Amino acid sequence: DKDSVAAMLHRQLRIYKGGSPEEPVWFDLDTVASRSFEELDQSLALCRTMVVCPPLNLGDRRKIKALRDGLKLLLESVPMAMNRIIV
C-alpha cells in the first residue's frame, strides 16, 4: 500500500539517502507465521535495516498475539549483517 507508514518512511529514506536504496522487503506481521523459516531467512539475507510499523488499533487479543508471533519469527531470521532495527 503506497499510503502505509512503511511506504511513506521508505520514500523519505530514499530522499534522505539521495538515491535509491535497495527495494524493500515487505512482511505483514499478521501473516508472517505462515512462512517457513527458510523463506524468511532467504528474504532477509541481504537486509541491513529492519523497520517495524505495527498498527495502533490493537483492540483484539488475537491480533496482538498474531503480531507478536510474527515479530518473533522475523527476529529469529535476522541475518548477522543486519545492523539496525527501527520500531
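This report concerns the structure included in the present document. (Residues numbered from 1 in each chain as written. Predicted model: local features only at pLDDT ≥ 70, side-chain atom pairs only at ≥ 80, totals over all residues. Heavy atoms only, no water.)

Focus: the environment of Q42
Stage number 1. Of note, Q42 is situated in helix 2 (residues 37-44).
Stage number 2. Residue Q42 is classed as exposed on the basis of its relative accessible area of 65%.
Stage number 3. As a C-alpha pair, Q42 and P79 span 37 residues in sequence and 9.4 Å in three-dimensional space. (Helix = DSSP H or I, 4+ residues; strand = E, 2+ residues; numbered from the N terminus. Buried < 20%, exposed > 50% of the residue type's maximum accessible area, 1.4 Å probe, protein only.)

Re the nonpolar core
One broad trend across soluble globular proteins is that nonpolar side chains are buried collectively.
Stage number 1. Within the largest apolar cluster, 12 residues are counted, these being F27, L29, V32, L40, L44, C47, M50, V52, L67, L73, L74 and M82.
Stage number 2. Not counting residues up to four positions away in its chain, the partners in contact with L29 are V52, A66, L67, G70, L71 and L74. (Core = buried A, V, L, I, M, F, W, Y, C linked by side-chain atoms within 4.5 Å. Contact = heavy atoms within 4.5 Å.)

Examining helix 3 (residues 61-76)
Given 3.6 residues per helical turn, the α-helix brings residues three or four places apart onto the same face.
Stage number 1. Helix length check: helix 3, at 16 residues, gives a terminal C-alpha distance of 23 Å against a target of 22 Å (1.5 Å per residue), a fit within 8%.
Stage number 2. All buried positions along helix 3 are accounted for by L67, G70, L73 and L74. Mapping the buried residues of helix 3 onto a view down its axis gives an arc of 125°, with all of them on the same face. Exposed and facing more than 90 degrees away from the buried side of helix 3 are R61 and E76.
Stage number 3. Contacts from the buried residues of helix 3 go to helix 2 and strand 1 (49-51).
Stage number 4. Structurally, the start of helix 3 carries an N-cap: the backbone nitrogen of R62 is 3.0 Å from a side-chain oxygen of D60. (Expected span 1.5 Å × (residues − 1). Arc of directions from axis to C-beta. Polar contact = N/O pair within 3.5 Å; in protein donor to acceptor, adjacent residues only side chain to side chain.)

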